[in-house]
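# Structural characterization, general
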Amino acid sequence: MQQNNSNSSGAQKSGGSLTFWMVGFIVGIFGGATLALLTTPKSGSEVRGVLKKTAKDVPSRLTEILDDSLDLYASAINYFQLVIEEQTQRMKKAEAAYKLAAAKKREELELGGSSVLPFQHR
């Protein structure tokens, strides 16, 4: 039961860090844009107009960023699922080859150490 708790808390930690990263990214972008606007040689009314326009655009930009982030997250999950499936198939093939080699060696040893199997020509 404890193992399930640790897995769920790990999932919560990764989701929380993704959210933290996204919020930091957004704050950094808009904070930098605001700082750039405030330090440009424009009149106060021009800066206020630009800030108002930027503030109106923030919700749509945040929605776009969130949608893009979710698409990227879904793509990453799909990619990792494909990689895991591919590696699983490789492991199954390797296991089958190992079992075949072990069976051949076992048969060889049971026949008295002969390196040639009964159905092979010498």
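In what follows, the structure referred to is the one given above.
### Some details on the overall build of the protein chain
Within the protein chain one finds two helices and zero strands. Classification of the 122 residues of the protein chain by burial places 7% in the buried group.

### Details of helix 2 (residues 44–110)
End to end, helix 2 covers 94 Å across 67 residues, agreeing with the expected 99 Å (1.5 Å per residue, within 8%). For helix 2, the principal kink sits at V58 and spans about 40 degrees; a proline, P59, occurs within the next four residues. Every buried residue of helix 2 is accounted for by V47, T54, S69 and E108. G112 lies just past helix 2 and shows a positive phi near 100 degrees.

### As for a nonpolar patch on the surface
A cluster of nonpolar side chains, W21, F25 and I29, forms an exposed patch at the surface whose accessible area comes to about 320 Å². On the basis of relative accessibility, which here comes to 53%, the residue W21 falls in the exposed class.

### Topic: a negative patch on the surface
A cluster of like negative charges, contributed by E64, D67, D68 and D71, occupies part of the molecular surface. Within the element layout of this structure, E64 appears in helix 2.

### Some thoughts on the pattern of salt bridges
The full count for this structure, using the stated rule, is five salt bridges. Salt-bridge contacts for K53 lead to D57; the nearest nitrogen and oxygen are separated by 3.6 Å. Linking K53 with D57, this pair stays in helix 2, spanning four residues, or about one helical turn. We classify K53 as exposed; its relative accessible area is 53%. When the shortest N-O distance is used, the salt bridge between K105 and E108 registers 3.4 Å. Within this pair, K105 and its partner E108 are both found in helix 2, separated by three residues, close to a single helical turn. Here K105 falls in the partly exposed class, since its relative accessible area comes to 44%.

### Digging into the packing of aromatic side chains
Going through the model one piece at a time under the given rule, you end up with one aromatic pair. With 5.5 Å between their ring centres and 65 degrees between their planes, Y79 and F80 make a pair best called edge-to-face.

Cut-offs used in this document
Residues numbered from 1 in each chain as written. Predicted model: local features only at pLDDT ≥ 70, side-chain atom pairs only at ≥ 80, totals over all residues. Heavy atoms only, no water. Helix = DSSP H or I, 4+ residues; strand = E, 2+ residues; numbered from the N terminus. Buried < 20%, exposed > 50% of the residue type's maximum accessible area, 1.4 Å probe, protein only. Expected span 1.5 Å × (residues − 1). Bend = angle between axes of the 7 residues up to and from the residue. Patch = residues over 30% accessible without salt bridge, like charges linked within 9 Å, V, L, I, M, F, W, Y side chains within 5 Å. Areas by Shrake-Rupley, 256 points an atom, 1.4 Å probe, with all protein chains shown as cover. Salt bridge = Lys/Arg side-chain N within 4 Å of Asp/Glu carboxyl O. Lys, Arg positive; Asp, Glu negative; His and termini not counted. Charge placed at Lys NZ, Arg CZ, Asp CG, Glu CD. Phe/Tyr/Trp six-rings, centres within 6.5 Å; stacked < 30°, edge-to-face > 60°.

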